[in-house]
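Structural overview for review
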Amino acid sequence: MPLTALIIDDEVLARQELQYLLEKAGGVEILGQGTNGIEAVELIRTHKPDVVFLDVQMPGLDGFAVLKKLLDRKIPMPQVVFATAFNQYAVRAFEVNAVDYLLKPFDRKRVMQTIEKAAVRLAAPAESVSESKLDALLRLIEEQAPKANMGKVVVRAHSRLLLVDQREICFASIEDGTISVVTPTVEGHSNCRTLEELADQLNPEMFWRAHRSFLVNIQHIREVVPWFKSSYQLRMDDPKKTEVPVSRSQTKRLRELFNL
């Protein structure tokens, strides 16, 4: 029997992308979609899905508040997968027995792994989180959410370790597990293992995950270039005028940033 699922996200492109990947993976029946936390509670109550793919930051109720509302109303708790562009709540998500934590833009292999995890969990369900534990978690999130480092970033350029002001960084990209950092004067590598780890050191109001392989400094975008099928690329102001793709799930964010 396929897993039954709901997708809850306030971004239509993110919902469409996730539904597409779930349908391509197979073994999942999408029962419906919701656009905010209030809809999420009602959809979960009505459909009783096996798993819900839940955004964290949404209007009305955020993802964690949805779980608390389910507990308050004694609605059976589905398996939960947090699907979000923000990585700072990942560790806390697992404290409420989340099946997995998917970062936007979504990766096909990661989505398939998540489906497998959910199937295993349903075969041997984990103990539900208590209301007191959820309350404690919400306090921890508010008190201990990582603060962006407003200072310098270490960049390895050949044999030199440079301390680069993050405002100078045009973009960072990852390929074959190596993170490249590009400024107008320096091109080197970060000591971080993932773009998520690097993003934790940066000002979230300045840097944007335009694509799963690129983290861009909004201040260093030189041009927005219309691309194939209503998509876009960003031309950066580094010496090579690098063109960075914008993923489908981030197109809405791009339009909001520049009022396109």
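Residues numbered from 1 in each chain as written. Predicted model: local features only at pLDDT ≥ 70, side-chain atom pairs only at ≥ 80, totals over all residues. Heavy atoms only, no water.

Time to look at the pattern of salt bridges. Scanning the entire structure with this criterion turns up 13 salt bridges. Between Glu 197 and Arg 193 there is a salt bridge, and its shortest N-O distance comes to 3.3 Å. With a closest N to O distance of 2.3 Å, Arg 235 and Glu 243 form a salt bridge. With a relative accessible area of 32%, Glu 243 lands in the partly exposed category. A single salt-bridge network, built from bridges that share partners, covers Asp 9, Asp 55 and Lys 104. (Salt bridge = Lys/Arg side-chain N within 4 Å of Asp/Glu carboxyl O. Buried < 20%, exposed > 50% of the residue type's maximum accessible area, 1.4 Å probe, protein only.)

What follows deals with the environment of Val 244. As for its placement among the helices and strands, Val 244 is situated in strand β15 (residues 243-245). We classify Val 244 as buried; its relative accessible area is 0%. Sequence separation between Val 244 and Phe 171 is 73 residues; the distance between their C-alpha atoms is 9.0 Å. Once residues lying within four places of it in the same chain are set aside, the contact partners of Val 244 are Phe 214, Val 216, Gln 233, Leu 234 and Met 236. (Helix = DSSP H or I, 4+ residues; strand = E, 2+ residues; numbered from the N terminus. Contact = heavy atoms within 4.5 Å.)

Spatially, the seven strands line up as an open sheet ordered β7-β6-β10-β9-β8-β12-β11, and their pairing is antiparallel. Single-partner strands in this sheet number two, and they are β7 (160-165) and β11 (207-211). Taken over all neighbouring pairs, the strand axes of this sheet differ in orientation by 35° on average, direction set aside. Pairing of β11 with strand β12 (residues 214-217), which is carried by three bridges, proceeds in the antiparallel orientation. Within β12, the residue paired with Trp 208 across the bridge is Val 216. (Pairing = 2+ DSSP bridges. Axes fitted to C-alpha atoms, helices over the stretch in contact; angles between N-to-C directions.)

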